[in-house]
Amino acid sequence: MLKKINTHLNRHYHRRYHGIYRHAKQLFVFDMALLAAAVSLLGVAIFLFFWKPGLQNQIALSLSLGNGRIKSGEAVHLTVDYVNNSKFILQEAALALRLPKGFLIDRTQSSESYFSKQNTVALPDVLPGAGGRVDLYGWLWTEFNAEENIIASLSYVPEKTDRREQKLGSYLLKLPESILSGQILTASSSLAANALNYTFNLTNNSEHKIERINLVKSWRGLNERLSDWNNLALAPGETKQITGSLMTPLKPDELILTVSPVIEINNYPIKQNPATARVKIIYPDLGVATRWLNPPSYGEPKQVLPIELSWRNNSPFNLTNAKIILETTPGVIDLFATAKNNNLKIENGKLVIDGKAKTSLATAEPGASDIFNINIYLADHFLPGQTDSTELVISPVIEAGVPAVSGQRFAQGGTTARLKLATDVQLSVASRYYTDEGDQLGRGPLPPQVGSATKYWIWVQIYNSTNKVRDAAFAATLPSGVRFTGKQSITLGPPLKFDTTSQRVSWSHYELLANSVTGLYFEVEVIPTPEQAGSSLILARDMFFTGTDDAVGREFSLSRASLSNVLPATDRGAAKGAIVR
């Protein structure tokens, strides 16, 4: 572009000036300067013709909240002052305010007829040199440590014009305090994996009631065990106290607890100053383990099993009143025999080894340790409903106090000892005439009479505990004079078989379920002879049950030599006697 202009001027100079005038170059430069001045004057004239100057620089607009220190939530008096320093009347004047979302207008002092819902105030014409003030009353809530801007816009139409102008003013504020103050009261240190108690106090430091307060908690992912944190209301000067506890993490750390009040204003949640507490988490690293000494293939009732216990204080802290708690499979261990023969205690169904049993646990310095043995006594029977586990599990927990943290105890689990359990099978046989509920089963005279038929029921019950039993079989022989009537009730498997030649009653099934009771019930008839007068009657002989534990292979062979007509005490017919008349 510059090259083209230069070429054009050069041609113009040579065609119009060069060789024609005596001082051609000076004259050419002078003419070009005059041309530039003329063009400039034309541009200025056109600008001045169209330019209509505004009055913004001659209008003063200022905002104020007073000279005092303001807290979030306090009652405020906002003033907006304006002055017309121009020579023109400001017509159709109006003031609009853009307020923070947390500004709650006090309509008792700033009515809608004065300050509209659109946050505007209609003003009279403002004469030259005159001014005015707009007052707004309310409560100002701001986010914690956040900047807020109040913006005022004074709009007007200068006289003798039809254009609307506006003058802007602003007020920047940042409120570091709130009328809602919170405080967390708790211990400065706590043991890991312990319940930490705390109290949170929230105070309304204003002279007006505050409603719709919610509390936002930050426990860094910890379990919180408290409700009643929402939609709170506080009267002037009132303090709300909330107590609770939380579970500390299972590791050394500094736990930061934070509670932030959040007030709902104009349907906006506005966070207030948070309360914070720091808690040092102390983790005493303890080790505890159990292992069987010469363990058998499986455990069975009435066994005595030696077990080794070891523990160590791996932490830099002294321990006080340490104890080892053994949690065991319910219904398998004879707790009383184990405690008595090992000088232990029983607490809440668990075996406890304390400083009285092992003095090394009384005061354990850093690095202290111990290894010792105890004998575990298994129960006489593993009855259905008493245990449903297929193995014996002994889980140790070491618990101790730490002088650096009062009122708390630290507990840490360790290595468990496991042992498979054999099932426990029990055989129960009884003669019955009545059920326990009083329903009559038998028929004929009680006590039995010579020459008269009396019918009894023989009850065979097989109790099985932890594992399935395969190849289950039962057999009984009826003595001479006792007849199998054929009436029977079987809870599992096929009906009873009766061999008339051998007088043998038999039953078999491929499987008995774990934790079950199998019932074999059948009726027999006896007619006493004169030789049997004055004695009781034998209803069955040589009763046997056999089976094999399906899990560990233990074989069972249970027997009863004989069964008489003497009824159990729970049978209503027992009182009538069993001696033949």
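About the cut-offs
- Residues numbered from 1 in each chain as written.
- Predicted model: local features only at pLDDT ≥ 70, side-chain atom pairs only at ≥ 80, totals over all residues.
- Heavy atoms only, no water.
- Helix = DSSP H or I, 4+ residues; strand = E, 2+ residues; numbered from the N terminus.
- Buried < 20%, exposed > 50% of the residue type's maximum accessible area, 1.4 Å probe, protein only.
- Contact = heavy atoms within 4.5 Å.
- Areas by Shrake-Rupley, 256 points an atom, 1.4 Å probe, with all protein chains shown as cover.
- Polar contact = N/O pair within 3.5 Å; in protein donor to acceptor, adjacent residues only side chain to side chain.
- Pairing = 2+ DSSP bridges.
- Axes fitted to C-alpha atoms, helices over the stretch in contact; angles between N-to-C directions.
- Salt bridge = Lys/Arg side-chain N within 4 Å of Asp/Glu carboxyl O.

Peer 1: Could you give me a rundown of the overall build of the chain, with the residues and numbers involved?
Peer 2: On a plain count of helices and strands, the chain comes out with 3 helices and 36 strands. In the chain, which comprises 581 residues, the proportion classed as buried is 41%. Excluding contacts between residues fewer than 6 apart, the proportion of contacts in the chain whose partners are at least 24 apart in sequence is 74%. Accessible surface for the chain amounts to roughly 30700 Å². Of this, 50% is attributable to carbon and sulfur atoms.

Peer 1: Explain the side chain of Thr-329 residue by residue, including any values.
Peer 2: Inspection of the secondary structure assignment puts Thr-329 in the loop between strand 20 (319-328) and helix 3 (335-342). Engagement of the side chain of Thr-329 in a polar contact is seen with the backbone oxygen of Glu-391, the distance being 3.3 Å.

Peer 1: I'd like a description of the sheet that holds strand 5 (residues 120-122), backed by residues and values.
Peer 2: Strand order in the open sheet formed by 4 strands is 5-3-7-8, with antiparallel pairing between adjacent strands. Each end of this open sheet is capped by a strand with a single partner; those strands are strand 5 and strand 8 (165-174). Pairwise comparison of adjacent strand axes, ignoring direction, gives a mean angle of 15° for this sheet. Taken together, the 7 bridges between strand 3 (residues 90-98) and strand 7 (residues 147-158) define a ladder with antiparallel strand orientation.

Peer 1: Account for the pairing of strand 1 (residues 59-64), with residues named and values stated.
Peer 2: On strand 1, burial follows the alternation: Ile-59, Leu-61 and Leu-63 on one face are buried, whereas Ala-60, Ser-62 and Ser-64 on the facing-out side are not. The pairing of strand 1 with strand 2 (residues 74-84) spans 6 bridges and is antiparallel. From the neighbouring strand, Ile-59 faces strand 2, where its bridge partner is Asn-84.

Peer 1: Could you give me a rundown of the sheet that holds strand 4 (residues 103-105), with the residues and numbers involved?
Peer 2: Spatial strand order, 1-2-6-4: 4 strands in an open sheet with antiparallel pairing. Two strands bound the open sheet, and with one partner strand each, they are strand 1 and strand 4. On average, each strand axis in the sheet is inclined to that of its neighbour by 35°, with strand direction left out of account.

Peer 1: I'd like to hear about the pattern of salt bridges, residue by residue, with values.
Peer 2: Going through the model one piece at a time under the given rule, you end up with 19 salt bridges. Between Lys-345 and Asp-354 there is a salt bridge, with its nearest N and O atoms 2.9 Å apart. Relative accessible area serves as the criterion here: at 35%, Lys-345 is assigned to the partly exposed category. What makes Asp-354 buried here is its relative accessible area of 13%. For Arg-483, the salt bridge is made with Glu-525, and the minimal N-O distance between the two is 3.2 Å. Of this pair, Arg-483 sits in strand 31 (residues 482-490) while Glu-525 sits in strand 34 (residues 516-526), placing them 42 residues apart in sequence. The class of Arg-483 is partly exposed, set by a relative accessible area of 42%. Residues joined by salt bridges that share partners form a network here, namely Arg-432, Asp-436 and Asp-571.

Peer 1: Give me the pairing of strand 2: which residues, what numbers.
Peer 2: Pairing geometry for strand 2 and strand 6 (residues 131-140), over 10 bridges, is antiparallel. Bridging across to strand 6, Leu-78 finds its partner in Leu-136.

Peer 1: Account for the environment of Lys-345, with residues named and values stated.
Peer 2: Within the secondary structure layout, Lys-345 lies in strand 21 (residues 345-347). Residues Lys-345 and Ile-325, 20 residues apart in the sequence, show an inter-C-alpha distance of 9.5 Å. Leave out the neighbours within four places in its chain, and Lys-345 touches Lys-350, Leu-351, Val-352, Asp-354 and Lys-356. Side chain to side chain, Lys-345 and Asp-354 meet in a polar contact 2.9 Å long.

Peer 1: Describe the side chain of Asn-84, and please don't skip the residues or the numbers.
Peer 2: Mapped onto the elements of the fold, Asn-84 is located in strand 2. Separated by 2.7 Å, the side chain of Asn-84 and the backbone oxygen of Phe-88 make a polar contact. Polar contacts involving the side chain of Asn-84 include one to the main-chain carbonyl oxygen of Val-126, which spans 3.2 Å. Apart from the residues lying within four places of it in its own chain, the contact partners of Asn-84 are Gln-58, Ile-59, Ile-89, Leu-90, Val-126, Leu-127, Pro-128, Gly-129 and Ala-130.

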